[in-house]
Amino acid sequence: MLALATRFLREPVSLRLAEEFLTVPVDTIDRCVADVCACAHHLGITATPEIVERVAREHLLAIVNSAPPPRSPR
């Protein structure tokens, strides 16, 4: 039952983040959201959609901002 509730929490959050982070693969976004849910559960924090979205967004911003710049042709 917990897995079903977690899935219903994750899907709308993943969809909103996928619309925002077009350059990040959807699988990466789903995994990030799932990881945030698992971490919150492990720490005993209630994983509300707002909290999960905020933390996942920070992780995704770190991924996007840490990507090397595109190489220019020589």
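Residues numbered from 1 in each chain as written. Predicted model: local features only at pLDDT ≥ 70, side-chain atom pairs only at ≥ 80, totals over all residues. Heavy atoms only, no water.

Considerations on the pattern of salt bridges
In the structure shown here, the tally under the stated rule is four salt bridges. The closest approach of N and O atoms between Arg16 and Glu53, which form a salt bridge, is 2.8 Å. Taken as a pair, Arg16 in helix 1 (residues 2-20) and Glu53 in helix 3 (residues 49-65) lie far apart in primary sequence, 37 residues in all. A salt bridge links Arg57 to Glu53; the nearest nitrogen and oxygen atoms lie 2.9 Å apart. With a gap of four residues between them, Arg57 and Glu53 both fall in helix 3, about one helical turn apart. The exposure class assigned to Arg57 is partly exposed, which follows from its relative accessible area of 22%. (Salt bridge = Lys/Arg side-chain N within 4 Å of Asp/Glu carboxyl O. Helix = DSSP H or I, 4+ residues; strand = E, 2+ residues; numbered from the N terminus. Buried < 20%, exposed > 50% of the residue type's maximum accessible area, 1.4 Å probe, protein only.)

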